[in-house]
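# Notes for the structure review
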Amino acid sequence: MLTGPLTGPSSAPSFDIAKDFLRSERALYGLSDAEIDSLELLGESLSPTGLRMLRVPQVFNGRPVFLSQTRILLDPAGRVRATLGPLAPGPASPVGAGG
């Protein structure tokens, strides 16, 4: 089990921090740079302790990808603390491609 922050501190915008983290862990999430760039920010919530939660659904061809909304938690220093929920690897790939 991982403990502690997953990234260093940052003063960049929250969504940029989140996408930079996903890029750094693209193999773990199975996402291409293009798929990360296409993610949309649904919303950001701020807790009384300064913890920020970003809600990030995947959209393909203007439609949400079923069960693919993740939440990314940032601490007050702009460090990624956790991600919750799935992202679907490869939704931008055409069905039947690759072979």
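A brief report on the enclosed structure follows. Chains are numbered independently. Their residues run from 1 in the order of the written sequence. This being a predicted model, a pLDDT of at least 70 is required before a residue's local features are given, and a value of 80 or more before pairs of side-chain atoms are given or counted; all residues contribute to the totals for chains, interfaces and linings. Only hydrogens and water are set aside; all other atoms, that is, all heavy atoms of the structure, feed into the side-chain values.

Secondary structure elements are taken from DSSP: a helix is a run of H or I of four residues or more, a strand is a run of E of two residues or more, and numbering for both begins at the N terminus. Of the regular secondary structure elements, the protein holds 3 helices and 4 strands. In the protein, the order of α-helices and β-strands from amino to carboxyl end is α-α-α-β-β-β-β. The proportion of buried residues among the 99 residues of the protein is 29%. The contact criterion used is simple: two residues touch if any of their non-hydrogen atoms lie within 4.5 Å. In the protein, once contacts between residues fewer than 6 apart in sequence are set aside, the share between residues at least 24 apart is 42%. Here the open area of atoms and residues is found with the Shrake-Rupley method and a 1.4 Å probe, where only the protein chains shown may cover a residue. As displayed, the protein offers around 6,100 Å² of accessible surface, 58% of which is attributable to carbon and sulfur atoms. Type-normalised accessible area, obtained with a 1.4 Å probe on protein chains alone, sets the label of each residue: buried when under 20%, exposed when over 50%, and partly exposed for intermediate values.

The subject of this paragraph is the environment of Lys19. Here Lys19 is to be found in helix H1 (residues 14-24). It is 7.5 Å that separates the C-alpha atoms of Lys19 and Asp37, two residues lying 18 residues apart in sequence. Beyond its immediate chain neighbours, meaning those up to four positions away, Lys19 contacts Ile36 and Asp37.

Residue position: Thr70 is located in strand S3 (residues 63-74). Thr70 sits in the buried class, given a relative accessible area of 2%. Under this definition, polar contacts are N or O atom pairs within 3.5 Å; protein pairs additionally need one hydrogen-donor-capable and one acceptor-capable atom, and for neighbouring residues in sequence, both atoms have to be side-chain atoms. A polar contact is formed between the side chain of Thr70 and the backbone oxygen of Leu84, at a distance of 2.8 Å. Within the structure, Thr70 has its side chain in polar contact with the backbone oxygen of Gly85 (distance 3.1 Å). Not counting residues within four places of it along the chain, the set of residues in contact with Thr70 comprises Leu54, Arg55, Val56, Thr83, Leu84, Gly85, Pro86 and Leu87.

Turning our attention to the packing of aromatic side chains. Each aromatic ring pair is summarised here by two numbers: the centre-to-centre distance and the angle between the ring planes. Note on aromatic pairs: the rings of Phe, Tyr and Trp (six-membered ring only in Trp) are paired at centre separations within 6.5 Å, and the planes decide the class, stacked below 30 degrees, edge-to-face beyond 60, tilted for the rest. Taken as a whole and judged by the stated rule, the model has 1 aromatic pair. Ring geometry for Phe21 against Tyr29: centres 6.2 Å apart, planes inclined by 75°, an arrangement best described as edge-to-face.

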